[in-house]
Amino acid sequence: MGATVAFIVVTTALYSLAFASIYTRPHSAVEASQWMKGHAPSGATILREHWEESLRDMGGYVDVELPMYDPDTLGKLKLMSEELASGDYLVFYSHRLYGTISRLPHKYPWSRAYYHALFSGDLGYVLKHSFTSYPSLLGISLVDDTFARAGLMDPIGLDPGETGLISINL
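A brief structural summary. (Residues numbered from 1 in each chain as written. Predicted model: local features only at pLDDT ≥ 70, side-chain atom pairs only at ≥ 80, totals over all residues. Heavy atoms only, no water.)

Bringing the overall build of the protein chain into the picture now. Helix and strand counts for the protein chain come out as six helices and seven strands. Moving toward the C terminus, one meets the helices and strands of the protein chain in the order α-α-β-β-α-β-α-α-β-β-β-α-β. Relative to its full complement of 170 residues, the protein chain shows a buried share of 41%. (Helix = DSSP H or I, 4+ residues; strand = E, 2+ residues; numbered from the N terminus. Buried < 20%, exposed > 50% of the residue type's maximum accessible area, 1.4 Å probe, protein only.)

Pasting the structure below:
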């Protein structure tokens, strides 16, 4: 019994130290904003999903919200197509929407297909940069694979000639 309690106390303390380490680094959204200012031209259209935050201090850019939690209708499909065609960057502030919608095929069949097509590179967006801040201790990071858990492939990316996909995982 004592060994079990000691194990729980030690692992809890180690996890707490690992979790506290995320506060020793700049916030991933701040890093993403700085990166965007250094790479995206003024006036670029930045798409983001609703229910998510915008990047900070992004004056001079066009901020467009995508209605991902709206019901899948032809109107939503048309709007999404138009916005994606005119967007320069697509920012995911977290995995909140693609992590949920991808697991609800009966409610969001088209949106689920959109995420699969997007992350496979079929929609012309490729991963430009990803910002994360995972708990870590002694060189070991506790990484949360948000794409696999949602049944999605990691975004195709790091091709400088294509429209950008920015992932920020907090």
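Moving on, we get to the pattern of salt bridges. Scanning the entire structure with this criterion turns up four salt bridges. Where R48 meets E65, a salt bridge forms, and the shortest distance between an N and an O atom there is 3.3 Å. Here R48, found in strand β1 (residues 45-49), pairs with E65, found in strand β2 (residues 62-66); they are 17 residues apart in sequence, far enough to count as distant. The network of salt bridges with common partners includes R48, D63 and E65. (Salt bridge = Lys/Arg side-chain N within 4 Å of Asp/Glu carboxyl O.)

Attention now moves to a nonpolar patch on the surface. Together, Y15, F19, Y23, I140 and L142 make up an exposed nonpolar region whose accessible area comes to about 560 Å². As for its position among the elements, L142 is in the loop between β6 (140-141) and α6 (146-149). Its relative accessible area of 40% is what places L142 among the partly exposed residues. (Patch = residues over 30% accessible without salt bridge, like charges linked within 9 Å, V, L, I, M, F, W, Y side chains within 5 Å. Areas by Shrake-Rupley, 256 points an atom, 1.4 Å probe, with all protein chains shown as cover.)

Of the pockets and cavities examined, the largest pocket occupies roughly 160 Å³. Every residue lining the largest pocket is counted, 13 residues in all, and those nearest its centre are L77, M80, S81, W110 and Y114. Those elements that place two or more of their residues in the lining of the largest pocket are α3 (74-86) and α5 (109-120). Residue contributions to the lining of the largest pocket peak at five residues, all from α3. (1 Å grid on protein atoms, 1.4 Å probe; cavity = no way out; pocket = protein on both sides within 12 Å on 5 of 7 lines; lining within 4 Å. Points joined across faces, edges and corners; volume = space filled by probe spheres on them.)

Ranked by size, the top nonpolar core spans 18 residues in total, and within it M68, L90, Y114 and Y115 carry the most contacts. One finds M36, A40, A44 and Y89 within the second-largest nonpolar core, a separate group that totals 12 residues. (Core = buried A, V, L, I, M, F, W, Y, C linked by side-chain atoms within 4.5 Å.)

This part covers the packing of aromatic side chains. Taken as a whole, this structure holds 12 aromatic pairs when the rule is applied. When the centroid spacing of 6.1 Å and the interplanar angle of 65° are considered together, the rings of F19 and Y23 count as edge-to-face. Judged by its relative accessible area of 63%, Y23 is exposed. Seen in terms of ring centroids, W35 and Y89 are 6.4 Å apart; in terms of plane orientation they differ by 85°. Their pairing is edge-to-face. In this pair, W35 is assigned in helix α2 (residues 28-39) and Y89 in strand β3 (residues 89-92), connecting sequence segments 54 residues apart. Since its relative accessible area comes to 14%, W35 is described here as buried. (Phe/Tyr/Trp six-rings, centres within 6.5 Å; stacked < 30°, edge-to-face > 60°.)

In this structure, K76 sits in helix α3. By relative accessible area, which is 7% here, K76 ends up buried. Here S111 takes part through its side chain, which lies 2.7 Å from a polar atom of the side chain of K76. With residues near it in sequence (within four places) discarded, K76 still touches P67, M68, D70, P71, Y108 and S111. (Polar contact = N/O pair within 3.5 Å; in protein donor to acceptor, adjacent residues only side chain to side chain. Contact = heavy atoms within 4.5 Å.)

Burial within β1 is extensive, with five of its five residues counted as buried. Across the two faces of β1 the burial is the same, with T45, L47 and E49 and I46 and R48 all buried. Where β1 lies against β2, five bridges are found, and the strand directions are parallel. In the sheet register, L47 faces β2, and the bridge partner there is V64. The pairing of β1 with β3 spans three bridges and is parallel. When the sheet's bridge partners are listed, L47 is paired in β3 with L90. (Pairing = 2+ DSSP bridges.)

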